[in-house]
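What the coordinates show
So you can see what is in the structure, the chains are spelled out below.
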Amino acid sequence: MKTPIIAALRKYFFLAPLLGCLNNPAANAQVTVTPVVVTTNINQAVHTRVKPIVNSTMNAIVTPVVTSTVNANVNTVTASVNSVVPSILIPDINIDVNPDVNVNITGIDRNEGSWFASIKGEKMRIEFRGDDENNNWSSSSDFMLNEFPSLPRGQKGEFSLKREAGTMTFTGKFDDDLGYGHYKFVADKEFNDYIKSQGITGDDDRNSFAFFVVNLKKSYVEMLARNGFKDMSRGNLIAMSSMKIDEPYIKMWKENGFNDISPNHLVAGKSMDIDAAYVKEIRDAGYKDISFNQLISFKSQHITGDYISGLRKEKNNGEGGLPPASQLVAYKSMNIDAAYVNSFKAVGYDNIPYNQLTAMKSMNITPEFVKGYMDLGYKDIPVHDLIALKSMNIDGAYIKSFEAAGYRNIPARDLIVLKSEGIPPDYIKGFEAIGYKDISVHSLLPLKSLGITPQYINGFKKLGFTDIPLNELPGLKSTGVTPEYVASMQGKGFKSNDLRKYMRLKSAFKDNE
């Protein structure tokens, strides 16, 4: 499938002559969509980062660079010390589209050099090159064959092409449909003076070569001024002319409410083939207040009216049920379509919020994944818990390991807490072995977070404290009361059967220790 930028390049193939002429001798057009999913577990939080990046770059004398970056950060907080698991999903999606026209023509004289030509049908492609090592460059451009009424066939001769920007004289010859020789370009002083009189910034006469190649005309400059584009840079003028941005195209944008559209925007929009029909299609689908940058992002992600309508139909949403434009870009970049949305209905999940669907797809959560939990007896797990379960790699084997330890039907959220705190079945068994039965997950959390172990408790048992309530253990550990501390105090005459007195003693004299 052709990307929008590649299609644009083929449509405007005449830009090839400008490749490297002013910037880079090589042409490239690329669109890369890179979904990057990074999952980490830090401080009891699961962070899923989805970063599809769309870069569209066309290098030539004219370099429209359209960069659309989508950052979708989905944060699911999975546990806290008091065993409360907040249901927090925060999609943070930013669209940054920066259409940039870059024309760099200083430093190289291209008004004279070599030429190589090939004729195909009604067109002739001419490659221009520098003649010496200190002036090493090349570019190619297409011309209509009828612009050259007489070509030197079989023997050396001279022919020329005159345009408003100047005259290019060629010497050389053609053998069949291939030609080569030397050229010299002479800028038209009157045309250059006219350009300067129009407030076009940039004083390097070498712009004239670019003006010639894109066939810039006074009438085009007048048209731009008539439509509000005055005092432009020469780079923008060359870019707009090369992209054939005409008056109807400019008026189309203004008629659609984009009154402050810039030359860079026009170049980006034209290179992406965004026209009135596409603007209407997206607005009719529900995005009536869409911005220019969002339109660029939509087009780069191949978002169509049918795609939007399909999502609305499958989710049974009305007009107000559509996600923000920026979120839809992330949605599409994750390849979420109506089929994906509809597939969850079979396992009982209907009308899943858009932001949760994005998170689910980024974590590769499928109906089969959900069904696996259903087969283990887990019904109606909230979506945010499904995301946490997947991000924590909690599977059937993990659940069964607790069943083997006597813990059955552990709620999904408790499983998340156990995994996030790194509590294994063996840890629980160690407490059971010294008499603590049926410990709740709520009670396990402070034990694990404070590093309380069966060995710690056995130390007190050796001192005669055989029945320490489970809820007292966190207090002992947090105040620094250890079996060694109790034995030391007993040796100094502080003897008691109540461990809480040692806690008060520790607190009262901790500064004097």
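Since this is a predicted model, take the numbers as computed values, not measurements. (Residues numbered from 1 in each chain as written. Predicted model: local features only at pLDDT ≥ 70, side-chain atom pairs only at ≥ 80, totals over all residues. Heavy atoms only, no water.)

1. As for the pattern of salt bridges
The full count for this structure, using the stated rule, is 12 salt bridges. With a closest N to O distance of 3.1 Å, Arg-226 and Glu-247 form a salt bridge. With Arg-226 in helix H4 (residues 218-226) and Glu-247 in helix H6 (residues 247-255), this pair connects stretches of sequence that are 21 residues apart. Note on Arg-226: relative accessible area 54%, which makes it exposed. (Salt bridge = Lys/Arg side-chain N within 4 Å of Asp/Glu carboxyl O. Helix = DSSP H or I, 4+ residues; strand = E, 2+ residues; numbered from the N terminus. Buried < 20%, exposed > 50% of the residue type's maximum accessible area, 1.4 Å probe, protein only.)

2. Some words on a negative patch on the surface
Judged by side-chain charge, Asp-109, Glu-112, Asp-131, Asp-132 and Glu-133 come together as a negatively charged surface patch. Within the secondary structure layout, Asp-131 lies in the loop between strand S9 (123-129) and strand S10 (138-144). Taking relative accessible area as the criterion, Asp-131 reaches 43% and is therefore assigned partly exposed. (Patch = residues over 30% accessible without salt bridge, like charges linked within 9 Å, V, L, I, M, F, W, Y side chains within 5 Å. Areas by Shrake-Rupley, 256 points an atom, 1.4 Å probe, with all protein chains shown as cover. Lys, Arg positive; Asp, Glu negative; His and termini not counted. Charge placed at Lys NZ, Arg CZ, Asp CG, Glu CD.)

3. Observations concerning the sheet that holds S9
Read across the sheet, six strands follow the order S10-S9-S8-S13-S12-S11 without closing on themselves; strand pairing throughout is antiparallel. The open sheet has two free edges, formed respectively by S10 and strand S11 (157-163), since each of these has just one partner strand. Across the sheet, the axes of successive neighbouring strands diverge by a mean angle of 30°, strand direction being ignored. (Pairing = 2+ DSSP bridges. Axes fitted to C-alpha atoms, helices over the stretch in contact; angles between N-to-C directions.)

4. Brief notes about the nonpolar core
Phe-170, Leu-237, Trp-253, Phe-298, Ile-308 and Leu-473 are the most contacted members of the largest nonpolar core, which has 136 residues in total. Not counting residues within four places of it along the chain, the set of residues in contact with Trp-253 comprises Phe-258, Ile-261, Leu-266, Ile-274, Val-279, Phe-292 and Leu-295. (Core = buried A, V, L, I, M, F, W, Y, C linked by side-chain atoms within 4.5 Å. Contact = heavy atoms within 4.5 Å.)

5. Observations regarding the packing of helix H8 (residues 276-284) against helix H9 (residues 292-300)
For the pair H8 and H9, interaxial distance at closest approach is 12 Å and the crossing angle is 95°. Considered as vectors, H8 and H9 are oriented roughly perpendicular to each other. The segment H8 lies against H9, with Tyr-278, Val-279 and Ile-282 engaging Leu-295, Phe-298 and Lys-299. Partitioned by chemical class, the residues of the contact of H8 with H9 number five nonpolar, no polar and one charged. (Parallel < 35°, antiparallel > 145°, perpendicular 65-115°, else oblique. Nonpolar A, V, L, I, M, F, W, Y, C, P; charged D, E, K, R; others polar.)

6. Focus on helix H7 (residues 263-271)
Extensive coverage of H7 is indicated by the burial of seven of its nine residues. The first or second residue beyond H7 is Asp-273, which carries a positive phi of 60°.

7. Considerations on the confidence of the model for the protein chain
Per-residue confidence for the protein chain averages 78 on the pLDDT scale, and 75% of its residues sit at or above 70. Across residues 1-99, confidence stays below pLDDT 50; counting only partners more than four residues off in sequence or on other chains, it has 291 contacts. (pLDDT = per-residue confidence, 0-100.)

8. A closer look at the packing of aromatic side chains
Aromatic ring pairs are reported here in terms of the distance separating the ring centres and the angle at which the planes meet. One pass over the structure, following the stated rule, counts 28 aromatic pairs. An angle of 70° between the planes, with centres 5.1 Å apart, marks the rings of Tyr-398 and Phe-402 as edge-to-face. Separated by four residues within a single helix, Tyr-398 and Phe-402 lie in helix H16 (residues 396-404), roughly one turn from each other. Each member of the pair Tyr-398 and Phe-402 is classed as buried. With 6.4 Å between their ring centres and 90° between their planes, Phe-465 and Tyr-502 make a pair best called edge-to-face. With a gap of 37 residues between them, Phe-465 in the loop between helix H20 (454-461) and helix H21 (473-478) and Tyr-502 in helix H23 (residues 499-509) connect regions that are remote in the sequence. For the pair shown, Phe-465 and Tyr-502 are each scored as buried. A network of ring pairs unites the aromatic residues Trp-115, Phe-128, Trp-137, Phe-143, Phe-148, Phe-159, Phe-170, Phe-174, Tyr-183, Phe-185, Phe-209 and Phe-212 as a single cluster. Between Lys-361 and the ring centre of Tyr-340, over which it is positioned, the NZ or CZ distance is 4.8 Å. (Phe/Tyr/Trp six-rings, centres within 6.5 Å; stacked < 30°, edge-to-face > 60°. Lys NZ or Arg CZ within 6 Å of the ring centre and 35° of its normal.)

9. Some details on the packing of H4 against helix H5 (residues 234-242)
The interhelical angle for the contact between H4 and H5, taken along N-to-C directions, is 105°, at an axis separation of 11 Å. Between H4 and H5, the angle falls in the class roughly perpendicular. Two secondary-structure elements touch here, H4 through Tyr-220, Val-221 and Leu-224 and H5 through Leu-237, Met-240 and Ser-241. Looking at side-chain class alone, the contact of H4 with H5 contains five nonpolar, one polar and no charged residues.

10. With respect to the pairing of S10
Counting buried positions over the seven residues of S10 gives five, a clear majority of the element. When S9 meets S10, the two strands line up antiparallel, connected through seven bridges. For Arg-125, the partnering residue across the bridge sits in S10 and is Asp-142.

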